[in-house]
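The primary structure of each chain is shown beneath.
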2 protein chains.
Amino acid sequence: MKIAIAGYGNLGRGVELSIGQNPDFELFGVFTRRAPETVKTVTGAKVFHIDNILDYKDEIDVVVICGGSATDLPRQTPELAEHFCVVDSFDTHAKIPEHFAAVDTAAKKSGKVAVISAGWDPGMFSLNRLYASCILPEGKDYTFWGKGVSQGHSDAIRRIEGVADAKQYTIPVEAALDAVRSGKNPDLSTREKHTRECFVVAEEGADKACIEEEIKTMPNYFADYDTTVHFISKEELARDHSGIPHGGFVIRSGVTGSGNTHIIEYSLKLDSNPEFTASVLVACARAAVRMNADGMTGAKTVFDIAPAYLSIKSNEDLRKEML
Amino acid sequence: MKIAIAGYGNLGRGVELSIGQNPDFELFGVFTRRAPETVKTVTGAKVFHIDNILDYKDEIDVVVICGGSATDLPRQTPELAEHFCVVDSFDTHAKIPEHFAAVDTAAKKSGKVAVISAGWDPGMFSLNRLYASCILPEGKDYTFWGKGVSQGHSDAIRRIEGVADAKQYTIPVEAALDAVRSGKNPDLSTREKHTRECFVVAEEGADKACIEEEIKTMPNYFADYDTTVHFISKEELARDHSGIPHGGFVIRSGVTGSGNTHIIEYSLKLDSNPEFTASVLVACARAAVRMNADGMTGAKTVFDIAPAYLSIKSNEDLRKEML
């Protein structure tokens, strides 16, 4: 199967690397909005301008779209689904129904399969919420994120006057996790579930107390959380906080007929958020091509993908080796 | 949807209770090999003799078969799949391909869907092995069982001379779990992964040292493990060890392109092994009926079920609420 990458940031690079771990795929190339000659790929993959992608329509089996959810994907995914099987990681939860509808129309028109909102949340976490709620209809589920870097919160700190650079970690509260695991089904406030830890490089002569106050009282981002602010040097930030780790927990606690409690827990601990997301996208790209070959068309999510479609192994081998 | 239960032990009772939590199902009745008038159901469900099940062919949408894997299911599932959509929990891993083939032939003949090997292992654990291996092809997975009661091992102790009753717990070794979670991909021996703890009621005057020795050296069951034996009274066994808890962990540790490590962990902590298994079977029964309505036929496993089929919710609601 020939696979193309549209958009070449952290996620696109992650997809490029993941393809090397999946021998049934051949990387056709990277499509970018930038001037192709200015883009250097990690593995030496060919680079094309995105405007020319339709020239390669018959040579590409699936396109992994690696743009942002705010402005890129709402436009790109429907456009490309009119010509290709595609996969995206659209993650604006509230706008998924709208995005699904637009992509579904395009993919039904072209007779292709378009998997949207793949990754880990939405994605693997969603799957675990679904499976657990089907098995334990009388129960409650909890999603915790972290410990990991929140890009949006880091950006919000960087916009404060006097801040040169910053990194923000979202951290689940251990006591809240334990309460959920105990089967007590606690009601947890925002503050009780997560804390936020900020590593800030202040500009020369900036008022640190003032920056700290502004972070801690920032509405939506920090005001509802217990927030810790550490001022560190530019060198320390580069040395200790250059990674993009993330992860989290999906826990459902439920009760069956005669009053027995059950706890289902799924957790991820990821050294690289974009590389893990990319690996999910590549597995979904395989599923998109194979579902399309089986006659399916239209927009799909992880909920619509029979798990065997994700695997390089045959159904027989899966039953023999993994069931 | 009308659902029937074939076989009425712990698992059958669990299915009966689970149906009460799933309002899209109506329990048609319980089918048993015993004389129906001697069987009292938990919820007052009607009881029929299994020999008469074909009389109700047009009134039943799906049969959950709750027999044992050793002798019941290899015969019952293909037989019933010739007439009904069915679900079973066949769990003899090595014989799954054979069982699948026999059931597939029967279900293709009748045009029904037969889900085999549903439950938690095989079942939810298998799904997690599959998903994790697709996302992290360069990695290693580990399955740990427990803490929980192993019926087979408990039975093996009960067969020893001088033993009145016994219960055996399989316990994962915390240090092994930690080593796996660290991403080190350790090679673990049988002894390093699990310990076995036995609670034994000895008969009056029995030689306890002799019993303990016989347990600890029993080939296949205990010789390869660090085993602890506690002698307790009949009353203590009834008071402290009457439950059937179980659970375990599926952990995959893998590396992506630029050398980042990722840990995917799924765990279950179950107060009642049969009630949880039953709840998985009922969700799969829903999927069987709906996949059949969509034109599918033949034997299926959890690998073949698109997750949305398991849920009582519409696809639109799932995307809106769970993705």
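Residues numbered from 1 in each chain as written. Chains lettered and ligands numbered in written order. Predicted model: local features only at pLDDT ≥ 70, side-chain atom pairs only at ≥ 80, totals over all residues. Heavy atoms only, no water.

(A) The arrangement of the side chain of A:Asn273 in detail. As for its position among the elements, A:Asn273 is in helix 10 (residues 273–293). Leaving out residues up to four positions away in the same chain, A:Asn273 has contacts with A:Trp120, A:Ile244 and A:His246. (Helix = DSSP H or I, 4+ residues; strand = E, 2+ residues; numbered from the N terminus. Contact = heavy atoms within 4.5 Å.)

(B) Representation of the sheet that holds strand 11 (residues 226–231) of chain A within the structure. Residues and elements named next belong to chain A. The four strands are arranged 8-9-10-11 in an open sheet whose pairing can be described as mixed. Both edges of this open sheet fall to strand 8 (148–149) and strand 11, since each of them pairs with a single strand only. As defined by bridge partners, strand 8 adjoins strand 9 (residues 163–172) across two bridges and the pair is classed as antiparallel. By the bridge assignment, Gly148 is partnered in strand 9 with Thr170. Those strands touched by helix 5 (residues 151–158) are strand 8, strand 9 and strand 10 (194–202), and its axis lies near 145 degrees from that of strand 9. Running at roughly 150 degrees to strand 11, helix 8 (residues 208–216) makes contact with strand 9, strand 10 and strand 11 of the sheet. (Pairing = 2+ DSSP bridges. Axes fitted to C-alpha atoms, helices over the stretch in contact; angles between N-to-C directions.)

(C) Region of the structure containing the interface of chain B and chain A. Of the residues lining the interface, 63 residues belong to chain B; the matching set on chain A comes to 63 residues. Across the chain B-chain A interface, the total number found is zero salt bridges. The tally of links from chain B across to chain A stands at 25 residue pairs in polar contact (both at pLDDT 80 or more). Breaking the side of chain B that touches chain A down by element, the ones donating at least two residues are helix 3 (96–110), helix 4 (124–135), strand 12 (246–256), strand 13 (260–270), helix 10 (273–293) and helix 11 (315–321) of chain B. Counting residues per element, the side of chain B that touches chain A draws most heavily on strand 13 of chain B, at 11 residues. In the side of chain B that touches chain A, the residues fall into 32 nonpolar, 20 polar and 11 charged. Bridge count for strand 13 (residues 260–270) of chain A against strand 13 of chain B is nine bridges, and the pairing is antiparallel. Directly across from A:His262, in strand 13 of chain B, lies its bridge partner B:Leu270. (Salt bridge = Lys/Arg side-chain N within 4 Å of Asp/Glu carboxyl O. Polar contact = N/O pair within 3.5 Å; in protein donor to acceptor, adjacent residues only side chain to side chain. Nonpolar A, V, L, I, M, F, W, Y, C, P; charged D, E, K, R; others polar.)

(D) Examining the environment of A:Ala176 more closely. Residues and elements named next belong to chain A. Structurally, Ala176 is set in helix 6 (residues 174–181). A C-alpha to C-alpha distance of 43 Å links Ala176 and Val30, two positions 146 residues apart in sequence. For Ala176, the contacting residues outside a window of four places in its chain are Phe144, Leu188, Glu192 and Lys193.

(E) The arrangement of helix 4 (residues 124–135) of chain A in detail. Here helix 4 of chain A spans 17 Å end to end across 12 residues, near enough to the 16 Å set by a 1.5 Å rise per residue. Within the sequence span of helix 4 of chain A, burial applies to A:Met124, A:Phe125, A:Ser126, A:Leu127, A:Asn128, A:Arg129, A:Leu130, A:Tyr131, A:Ala132, A:Ser133, A:Cys134 and A:Ile135. (Expected span 1.5 Å × (residues − 1). Buried < 20%, exposed > 50% of the residue type's maximum accessible area, 1.4 Å probe, protein only.)

(F) A look at the relation of the copies chain B and chain A. For these two chains of identical sequence, chain B goes onto chain A by a turn of 180 degrees and a shift of 0.0 Å along the axis, with RMSD 0.0 Å. Here the two chains are linked by the operation of a two-fold rotation axis. Closest approach to the rotation axis among the C-alpha atoms of chain B is made by B:Ala306, whose C-alpha sits 1.9 Å away. Comparing interface residues between copies, 100% of those in chain B also lie at the interface in chain A; the contact surface is shared. (Least-squares fit on C-alpha atoms with pLDDT ≥ 70 in both.)

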